[in-house]
Amino acid sequence: MSNIIQLLERMGQDAALQNQDAKAREILASDVAAELKSSLLVNDAEALHEQLDICPDVVAFLLPAEDEQKEDENNENEEQEQANAVNQ
C-alpha cells in the first residue's frame, strides 16, 4: 500500500510527470500491483478507489438540545388551559 501512496505523491509533486509519456514511464517502472498500474494509466479514479478500498467521507451533524425551560413553560401553559377548561 505504501508503494502506491509514494507513487501518487511523486506524481503530485514532480512537474515533469505532468507529461503523459513521463507519467506512463513512472507508473510502469513503479513497484505496484498490475491492476493499480492499469487504473493509473487510463486515469480510472473509480477503479483506483475500489482497489485501494478507500472509506467514504463520514459526515456528522450536531444539533443543539432544546431548552428545558421552554418545555416547562409549555407544560405549565397546557396545565392552565386544562384547568380553565375544567373550571368553565
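Numbering of residues begins from 1 in every chain and follows the order in which that chain's sequence is written. At least 70 in pLDDT is required for a residue's local features to be given in this predicted model, at least 80 for side-chain atom pairs to be given and counted, and no such filter applies to totals for whole chains, interfaces and linings, which use all residues. Side-chain measures here rest on the full set of heavy atoms in the structure, leaving out hydrogens and waters.

Engineer: Could you clarify how one ought to interpret the packing of helix H2 (residues 20-29) against helix H3 (residues 34-41) in this entry?
Structural biologist: Packed helix pairs are characterised by how far apart their axes lie and by the angle those axes make with each other. Between H2 and H3, the shortest axis-to-axis distance is 10 Å and the interhelical angle comes to 175°. As far as their axial angle goes, H3 and H2 are roughly antiparallel. Facing Gln20, Lys23, Ala24, Ile27 and Leu28 of H2, the residues of H3 in contact are Lys37, Leu40 and Leu41. What counts as an axis is a line fitted to C-alpha atoms, over the stretch in contact for a helix, and the angles between N-to-C directions run from 0 to 180 degrees. Helical segments are the DSSP runs of H or I of at least four residues, strand segments are the runs of E of at least two, and each set is numbered from the N terminus. Put simply, angles under 35 degrees are roughly parallel, angles over 145 are roughly antiparallel, angles from 65 to 115 are roughly perpendicular, and the rest are oblique. Two residues form a contact once any of their heavy atoms are found within 4.5 Å.

Engineer: It is not clear to me how H2 should be interpreted in this structure. Could you clarify?
Structural biologist: It helps to recall that an α-helix has 3.6 residues per turn; residues three or four apart then point in one direction. What H2 keeps buried is the set Ala22, Lys23 and Ile27. In an axial view of H2, the angular spread of the buried residues amounts to 135°, which keeps them on one side of the axis. Across from the buried face of H2, at angles greater than 90 degrees, the exposed residues are Asp21, Arg25, Leu28 and Ala29. Against the buried residues of H2 lie helix H1 (2-13) and H3. Here a polar contact is recorded for every N or O atom pair within 3.5 Å, except that within protein the pair must consist of a potential hydrogen donor and a potential acceptor, and residues adjacent in sequence are included only if both atoms are side-chain atoms. For H2, the side-chain oxygen to backbone nitrogen distance between the N-cap and aspartate 21 is 2.9 Å, and the N-cap itself is asparagine 19. Throughout, exposure labels follow a simple rule: accessible area from a 1.4 Å probe, protein chains only, divided by the maximum for the residue type, with under 20% read as buried, over 50% as exposed, and the rest as partly exposed. Comment: arc refers to directions from the helix axis out to C-beta atoms.

Engineer: Any chance you could explain the packing of H3 against helix H4 (residues 45-52) here in plain terms?
Structural biologist: The geometry of H3 relative to H4 is characterised by a closest axis approach of 8 Å and an angle of 155° between their N-to-C directions. In terms of axis orientation, H3 runs roughly antiparallel to H4. Seen along the crossing, H3 lies across H4 with a hand that is left-handed. Counted together, Glu35, Leu36, Ser39 and Leu40 of H3 and Ala47, Leu48, Gln51 and Leu52 of H4 form the full contact between these two elements. In a left-handed crossing the near helix is turned counterclockwise from the far helix by less than a right angle, and in a right-handed crossing that turn is clockwise.

Note that all results are geometric; they support no functional claim without further evidence.
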